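Residue-level structure breakdown
This is what each chain is made of:
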Amino acid sequence: MKNRNILSVSVAAGLVLGASLAGAATTVTIGTVNNGDMIRMQGLSDVFEKTHPDIELEWVVLEENVLRQRLTVDIATNSGQFDVMTIGMYEAPIWGQRGWLEPIMGLPEDYDLEDIFPAVRNGLSADGKLYALPFYSESSMTFYRRDLFEQAGLTMPERPTWEQMRDFAKALHKPEQDQYGLCLRGKAGWGENMGIVTTMANSFGARWFDEDWKPEFTGDAWNNAIEFYVDVLNRYGPPGVSSNGFNESLALFNSGKCAMWVDATVAGSFVTDPKESAVADKVGFALAPKHVTEKGAGWLWSWALAIPVSSDAKDAATEFVTWATSKGYSELVAEEFGIAAMPPGNRASTYANEAYMSAAPFAQKTLESMNKANPADSTLSPSPYIGIQFVAIPEYQSIATQVGKLVSGALAGQISVDQAMKNSQSITERELKRANYY
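In this text the structure is predicted, and so the values were computed from the model without any measurement.

**Some details on the pattern of salt bridges**
One pass over the structure, following the stated rule, counts 20 salt bridges. Arg68 serves as the salt-bridge partner of Glu91, at 3.2 Å between the closest nitrogen and oxygen. Here Glu91, found in helix H5 (residues 91-97), pairs with Arg68, found in helix H4 (residues 64-77); they are 23 residues apart in sequence, far enough to count as distant. Of the two residues, Glu91 and Arg68, neither departs from the other in class, the shared state being buried. A salt bridge links Glu192 to Arg185; the nearest nitrogen and oxygen atoms lie 3.8 Å apart. Both residues of the pair, Glu192 and Arg185, count as buried. A single salt-bridge network, built from bridges that share partners, covers Glu63, Lys187 and Glu248.

Structural data, given as structure tokens:
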């Protein structure tokens, strides 16, 4: 009798456990960057979970350089730690071609894939297959303080030159008042300082490689660009600029400490939000600066959501990625944070929306900047690669990470610009010879 009771209890416990397992939610682990729009997405994720009670979202939110490293290691080793990865126009085609990402297929009709700008779709595709859905997309542009320009009797052109930017910075630099003439990224990273550095170098007439894939860092164009970058930031930038990436620069601008800032167009909704910015009603917008050419002066990028083949929750991950990049999600953001906060740069319908264009003073310049960006023609002299602020080859991530450290070191005074460029040349030559480019 005693044994029979134990058996009954065991059977009952097994039935309860089985029922519990049958109703367990699928966990989707999302790796994303700690930018403002992604923080908003995380904050709204309970809306998704309420309508998808069988899916539980787990967030890993990291600083950009750390995220890139974690995701690259995870995808290359097939470790399967992430079900959704926040990547961009550099990784999506390369990782897709290597068979590391699930192709995006079978989207619902109301997703309206054709509404996504062709340049964005193409940038996230390889061999005609889409490998990620854009969360937001961007170019780069100039943010400036209209009030400070008016007080100083200055006029910002539609597209300033870098020499004009230096002159403006000199006139507006008042460090004793915690006001700095120009803020730019200085933090080392292929997606941090090398984004602004490469677009600046493009405008100075530089290119990463000639048509035979020989690097050109010891040429006049690169040296002139980096000398200018180091000089203008050391004279008129904020202290500790070599540690500043996108988020640090955004915080400086929003606190009123930057007279000018050149960076991602996505910052528009944050610098004009009174809840985020102390200068929300004082911001003006212009195209990214040029020098000897406009080619490659403004970048093109999309932070997008992709599903690695190593995920064991692909169906659930697809549900989330589709939701987070949909028109419905944009409408949810508009309801919660205001229409100007809708994820920018992705959809034609966003920019056909008169209410959005009226509420977002940065929208027209964002659209214009993105339309002018051409990854297939981004350098003054012909180049063998696709990309504006990056080179779309697998070796670029490693090379540009090393070059970014050298440029940041030059900015911090740890190495001369001349030596930084010579070292960059040596590193890049070695990597491309090893990969049999020449």
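**Description of the sheet that holds strand S7 (residues 140-145)**
Across the sheet, which stays open at both edges, the three strands sit in the order S8-S7-S9 with antiparallel pairing between neighbours. Each end of this open sheet is capped by a strand with a single partner; those strands are strand S8 (260-264) and strand S9 (283-287). On average, adjacent strands in this sheet sit at an angle of 30° to one another, irrespective of strand direction. Pairing analysis gives five bridges linking S7 to S8, with the strands arranged antiparallel. Looking across to S8, one finds that Phe143 is bridged to Trp261. Sheet strands in contact with helix H8 (residues 162-172) are S7 and S8, and its direction is about 135° off that of S8.

**Considering the packing of aromatic side chains**
Summed over the entire model, instances satisfying the criterion amount to 36 aromatic pairs. Both rings, one in Trp208 and one in Phe217, keep their centres 5.0 Å apart while their planes meet at 80°; by these two values the pair is edge-to-face. In this pair, the class of Trp208 matches that of Phe217, namely buried. Note that Arg40 overlies the ring of Phe337, its terminal NZ or CZ placed 5.3 Å from the centroid. The ring of Trp190 carries Arg68 above its face, with NZ or CZ at 4.1 Å from the centroid.

Calculation rules
Residues numbered from 1 in each chain as written. Predicted model: local features only at pLDDT ≥ 70, side-chain atom pairs only at ≥ 80, totals over all residues. Heavy atoms only, no water. Salt bridge = Lys/Arg side-chain N within 4 Å of Asp/Glu carboxyl O. Helix = DSSP H or I, 4+ residues; strand = E, 2+ residues; numbered from the N terminus. Buried < 20%, exposed > 50% of the residue type's maximum accessible area, 1.4 Å probe, protein only. Pairing = 2+ DSSP bridges. Axes fitted to C-alpha atoms, helices over the stretch in contact; angles between N-to-C directions. Contact = heavy atoms within 4.5 Å. Phe/Tyr/Trp six-rings, centres within 6.5 Å; stacked < 30°, edge-to-face > 60°. Lys NZ or Arg CZ within 6 Å of the ring centre and 35° of its normal.

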